[in-house]
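# Tertiary structure, described
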Amino acid sequence: MKRVVITGLGAVTPIGNSVSEYWHSLINGVSGAAEITKFDTSQFKTKFACEVKNFDPQHIFEKNEIRKYDLFTQYALYVTDEAIKNANIDFDSLNKNRIGVIWGSGDGGVSTFEEQISEYKLGNGIPRFSPFFIPKRIINIASGAISIKYGLRGINYTTVSACSASNTAIIDAFNYIRWGKADMIISGGSEASITESSIGGFNASKALSTLNDDFTKASRPFDATRNGFVLGEGAGAIILESYEHAIKRNAVILAEIVGGGLAGDAYHLTGTHPDGQGAILGMELALEEAQIMPDKIDYINAHATSTPTGDLSELKAMEKVFGINPNANISATKSMTGHLLGAAGAIEAIACIKAVQQNIVPPTINTKTIETEFKDKFNLTLEKAQPRIVNYAMSNTFGFGGHIASSIFKKFTE
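To start, this report covers the structure provided alongside it.

Rules used in this analysis
Residues numbered from 1 in each chain as written. Predicted model: local features only at pLDDT ≥ 70, side-chain atom pairs only at ≥ 80, totals over all residues. Heavy atoms only, no water. Helix = DSSP H or I, 4+ residues; strand = E, 2+ residues; numbered from the N terminus. Rg over C-alpha atoms; globule rule 2.2 N^0.38 Å. Buried < 20%, exposed > 50% of the residue type's maximum accessible area, 1.4 Å probe, protein only. Contact = heavy atoms within 4.5 Å. Areas by Shrake-Rupley, 256 points an atom, 1.4 Å probe, with all protein chains shown as cover. Lys, Arg positive; Asp, Glu negative; His and termini not counted. Charge placed at Lys NZ, Arg CZ, Asp CG, Glu CD. Pairing = 2+ DSSP bridges. Axes fitted to C-alpha atoms, helices over the stretch in contact; angles between N-to-C directions. Patch = residues over 30% accessible without salt bridge, like charges linked within 9 Å, V, L, I, M, F, W, Y side chains within 5 Å. Salt bridge = Lys/Arg side-chain N within 4 Å of Asp/Glu carboxyl O. Core = buried A, V, L, I, M, F, W, Y, C linked by side-chain atoms within 4.5 Å.

When helices and strands are counted, the chain shows 13 helices and 14 strands. By the compact-globule yardstick of 22 Å for 414 residues, the chain fits well, its C-alpha radius of gyration being 20 Å. With respect to the three principal axes, the spread of C-alpha positions in the chain is 65 × 55 × 40 Å. Here the chain, with 414 residues, has 61% of them falling under the buried criterion. Sequence-distant contacts in the chain: of pairs separated by 6 or more residues, those separated by 24 or more amount to 80%. Entry remark: accessible area of the chain is about 16,300 Å², with carbon and sulfur atoms responsible for 51%. With 38 positive and 43 negative side-chain charges, the chain shows a spacing of 2 Å between the two charge centroids.

What the ten strands build is an open sheet, ordered 5-4-6-7-1-8-14-13-9-10; its pairing is mixed. Looking at which strands have only one partner, the edges of the open sheet turn out to be strand 5 (156-159) and strand 10 (329-331). Adjacent strand axes in the sheet meet at a mean angle of 25 degrees, parallel and antiparallel pairs treated alike. One ladder, built from three bridges, connects strand 9 (residues 299-301) with strand 13 (residues 392-399); its direction is parallel. Paired with Asn301 across the bridge in strand 13 is Ser395. Against the sheet, helix 6 (residues 141-150) engages strand 4 (99-104), strand 5 and strand 6 (184-191), with an angle of about 155 degrees to strand 4. Of the strands in this sheet, strand 1 (4-12), strand 4, strand 5, strand 6, strand 7 (234-242), strand 8 (255-264), strand 13 and strand 14 (403-410) are in contact with helix 7 (residues 165-178), which crosses strand 6 at around 175 degrees.

Once that is clear, we can look at a negative patch on the surface. A cluster of acidic side chains, namely Asp40, Glu115, Glu119 and Glu196, defines a negative patch on the protein surface. For Glu115, the position within the fold is in helix 4 (residues 110-122). Judged by its relative accessible area of 45%, Glu115 falls in the partly exposed class.

Counting residues in each nonpolar core, the largest one holds 42 residues, and the members touching the most others are Ile6, Ile238 and Leu240. Only strand 1, helix 1 (19-27), helix 7, strand 7, strand 8, helix 13 (344-358) and strand 11 (360-361) provide two or more residues apiece to this core. Looking at this core element by element, the count peaks at nine residues for helix 13. In contact with Ile6, not counting residues within four places along its chain, are Ile238, Ile239, Leu240, Val252, Ile253, Leu254, Ala255, Ile257, Ile353 and Phe409. By size, the runner-up hydrophobic cluster in this structure holds 32 residues, among which are Val79, Phe91, Ile146 and Tyr150.

Everything listed here is a matter of geometry and, on its own, says nothing about what the molecule does.
Structural data, given as structure tokens:
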């Protein structure tokens, strides 16, 4: 098995439109929640979300190109551009047949779908659809667009596993490289789901917070008073490559990925197992693959969406795997970014990689009253970032349908 390293990162998030902006906001406890600007929320139960601010697609697109891409694909290309520059990649000097793209998304071009169907329903019945409708809508188009832009002919597909989609993509990329099937893979995920149907649908299932009068404090993972998640949007890109390939091209290595656990809850369409059985299996598989004991993990970026049942099941799973008062700091960065659905795993993997690089754990904000059963069992890194040596960091993501993905990043050493 080949060693797999991380050499580039890119991010566009509700709290920053680059990795440096995102990380700075994370360690300073900045909330990305604000009133929704994308549509009229007067008739909706939830009127706020974590939108990306001041996004300018012309940074990488010609004006006539923008109309070809749904926002989730624009986000994907934007963060990939940053990651490639960060990794100092010259594709013309590399074998593009062995460089691929594995991307993750849950909703794909949902805003394009809403716009086109609304126009049709408000029209006279004549189907006047955009010629870009289908390629803008389909979920796999982001991975295709990335490969086309850079001429990458290696492995290319999109993982669709709801909120664990981009973590699944990263783990798949890790596997293909260590199996020798690729030299480099651009991975990550993107989502642009702050739309009428998403807010309305999640409201109908009572999954979203409705704390409209104090929205910056609405996402409060592990708090006994939490009442639902805050929807977010954005993207994260990660360049993975074999150690040999990175060394040969004199790349700066940011971290190493050493484990990935994929599993299923096999329990409920939308709810996690009350005892966290799938989460337990995913974390244990990742630890087994990394060949480390649980006490080696220094930081866990929890899935922790701020839903009543989901957070509790994850706490139970972490207690089962790591015991009481484990070595690890735990934090829930969704308290700042909101829940990016299929892109959550990508930006949270970046948070883990930066924690490994910088030896600091970002905080969980807004949480005041920890679940009684767990208030003395874990270090949830409340309110302030905590400096500490971070040699290993774990990222957990769980999705509707019972999809489980846990990945482990390690401080790089020769």
